[in-house]
Structures are given as C-alpha cells and as structure tokens.
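# What the coordinates show
Letter by letter, the chains look like this.
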Amino acid sequence: MNPHDEHKEGIGGMANPGRYGIERVAYWLMRLTGLGLLGYFVAHIYETSNILKGRVGWEEFLALTQTTEGHIFMTLVIGMCVFHTVNGIRVMLGHGGVGVGKPARPDYPYLPASQNARHKMGIYSAIVLAAVAMMYGMAVMFGE
Amino acid sequence: MAQSYEIDEKKSLTSKVVTLRIARFNPEKDSDTKFMEFIVNVEKWTTVLEAILDVKQHFDHSVAVRYSCRQATCGSCGMVINGKPRLACFTKVSELQSEVVTVEPMHNFPIIRDLTVRFDRLFNTHHKVKPYLIRDDSEITSNTKEFLQSPEELEQFIQFSNCIKCGLCNSACPTMATDSSFVGPQALAQAYRYVADSRDKGKDTRLKIIDESHGIWRCHFAGSCSQVCPKGVDPAMGIQLLRGYMLGFRS
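As a starting point, this report considers the structure included with it. (Residues numbered from 1 in each chain as written. Chains lettered and ligands numbered in written order. Predicted model: local features only at pLDDT ≥ 70, side-chain atom pairs only at ≥ 80, totals over all residues. Heavy atoms only, no water.)

### A few points about the pattern of salt bridges
Residue and element names in this part refer to chain A.
- Within the structure shown, the criterion is met by 16 salt bridges over all chains.
- A salt bridge links Lys-8 to Glu-6; the shortest N-O distance between them is 3.9 Å.
- Note on Glu-6: relative accessible area 27%, which makes it partly exposed.
- The shortest N-O distance in the salt bridge between Glu-23 and Lys-120 comes to 2.6 Å. Separated by 97 residues along the polypeptide, Glu-23 in helix H2 (residues 22-49) and Lys-120 in helix H5 (residues 117-142) bring together distant segments of the chain. (Salt bridge = Lys/Arg side-chain N within 4 Å of Asp/Glu carboxyl O. Buried < 20%, exposed > 50% of the residue type's maximum accessible area, 1.4 Å probe, protein only. Helix = DSSP H or I, 4+ residues; strand = E, 2+ residues; numbered from the N terminus.)

Put into structure tokens, the structure is as follows:
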C-alpha cells in the first residue's frame, strides 16, 4: 500500500516527544517505561524459574545481578517503576476527569485548561522521584 | 529535490526574507514527497497562508492549498507548519521565529495533492457521534416553544461548540498516528459537547457508540490535541470529562 494513502505519522510521529511540551514527553516515557517493565517482568519470570535447577543453579544466576551491569539494569528498573507508578496515578486521575479543569468560554490565546500546572507538576514530580529513587538504588547497590 | 525561487516584488524597508519550503506530492504521479523552496519577503504581520498565496501568485500557481475565510473561522487551511499542525491563516511567519518555514500536509489525513488533504474520515467520525440534539419533542411541538437553558448549563458545553472541524487535533493525536480505526479527538469532543447539553436526551446512544475498543478508551491523555486547537476547544478536557462520567467518577 502506498504510505501516502493514509499519510499516517506512524510510530516515529507518535514517539516524537519534541513538539508538544512536557505532556507528550510524559506520554512517550509512559510507553517506554511500560515496555521496559514488561520486558523486566518476562526476565524476572525467567530468573525465578532458575530455582528449578536447584540451589547452585539459582545462586549462579543470581550472581549476574551482583555485577556492575546487573546493578545498572536494576537501577533502570527502579526508575521505570517509580515513573510509571507516579505518572500512572496522574493519568488515572485525569482519565476520571479529575484535575482537568472546568469547561468555560475560552479566551485568546486559548491556553488549554486540561494542560494545567497541577498536571505539569505531577509529571515533573514523577521524573524527579524516579531520579531520586535511581540515585538511592545506586547508592545502596554500588555502596555495598 | 529542492528548487529555489525568489520573489522581489514585495521587498520593503521593513520586510524580512524567509525560505518557504512547500511539500509537493501528487499521489497519481509521484512516488514520494518533494520540497520546493521559495525565497519570500514577509512583513511582521504576514501569515503563512499569505506567503503561500504569494508563491501561487508570483511563481507557481499549481501549488494546491485549501483556504477560504482567512480568519480562522472556516477551518480549511490546516497544515503542518514547522513540524506542528496549525492554521496557515492564523499563524504569522514572524511568530515562528525561523528563517525557514516548512509547510506540509496534515498528518493522518490522505493527501489529495500538495497541502490539500481529504476530510472524509473526520466528517464520518463526526457524523458517527450524532452531533445534533436528540429528543422526542421539538421546539415547534413543545408547549414552551423553546428549550430554556440557564447560563450555567450553557457553560458546560459552549466551549466545545467552537469546533471548526479543521482537523488539527486529529493530526496531532499520537493514537491517530498509528490507529486507523480510532474515532479521534474531534469526534470525541463533540460527543461530550452533546452529552453535556441539558437539552439533549441522546446520552445513552452516544455513549454506546464511543464505548468500543477504538473509541474513547484509546485516548491516553497526551493532550497534543488541545495544544494545537486554534479555537480553545480543549478536546482533551472534553474526552477526560466524558470518560470520567463513563467510569462513574462524575455525575
């Protein structure tokens, strides 16, 4: 099919966070962290299934998480988990119509009430909390 | 392949020179989009539409662009300007703060030619949510002869009545970018407009239409639709309020 038939922006356009402000960045991060956590979930099931190989097999696999690469991976998981949770709460409240403003006659320059400071603060909080959690995680894991 | 042309006629002491890059594509002949570059003189107040019309008037009249009112009322001249969907008549070249202005057809709409796109799908989805008052009686048959509404009741939906069906929200929506069956922010905002109208009795019918897998649940509150709306409709707010109602968060 000719790509111009529907002229869709596609995944490249969907993932481009640069044009529509912090809300679109949050949308993009939410998808990215969601996919990352799904990948971790699968890896986690594989990791825990190693217990079937007995104590030696389990400890051999667990040793992988005690390496520098393992610590970096776990730090990313902590960051993804915290951002996805905090931003998820913001999005769920928004989906329920909470904090999206009230309908009113719009005045120029038509700043959208749904993109208000409360939601922006929620997004920045999710990013900051994720960064703090990652730093704490790194301090614990690398400080051993 | 880019071609460059200069228009000298409009030079003045206050004018500024910008490069206008226009996407050229004819689905019947071309396999890919090409950009033609024109050096145009613009004033502080020159709109992108005026710059395009200058190109049509002075050099290449074959550039296809749809426009009508030139005052952000008809919703005809929506296009992607420097990467963002905007109305060409409502966007001054000076506000873009760039010496290169790139204009492309809106995303998520089939291209007819150059900057002109098909609106069939937008009109179909708009029609799908029944954008009219549904009730058994009419203003002619009822005893009161009119359906009275308080100013507070009017405030609930008047914002969403400003929609000019320009399609910018659908072009900016990240779900529309990948899902061909999504109803889209324009139609969902209009569904809210009528559900919130105290005169309307078709709430259940409308909610049934949008309560499907490619309906309201595909909106993930990215908010890009509201950021590009030139009339302050804020479709994201309407969609979230409607979903809040469906989820039982709101009465």
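The structure having been displayed, the exposition proceeds.
### Some details on the nonpolar core
Residues and elements named next belong to chain B.
- Grouped together as the largest cluster of nonpolar side chains are 38 residues, with contacts concentrated most on Leu-20, Val-48, Ile-52 and Val-103.
- Elements with a contribution of two residues or more to this core: strand E2 (16-24), strand E3 (34-42), helix H1 (48-58), strand E4 (78-81), strand E6 (100-104) and helix H4 (168-172).
- Ranked by the residues each element gives to this core, the list is headed by H1, at 6 residues.
- Shared between two domains, this core holds at least three residues of each, these being domain 1 (4-117) and domain 2 (120-247).
- Setting aside residues no more than four positions away along its own chain, Val-103 makes contact with Leu-20, Arg-21, Ile-22, Ala-23, Phe-35, Val-48, Ile-52, Met-79, Val-80, Ile-81 and Leu-115. (Core = buried A, V, L, I, M, F, W, Y, C linked by side-chain atoms within 4.5 Å. Domains from an automatic or database assignment. Contact = heavy atoms within 4.5 Å.)

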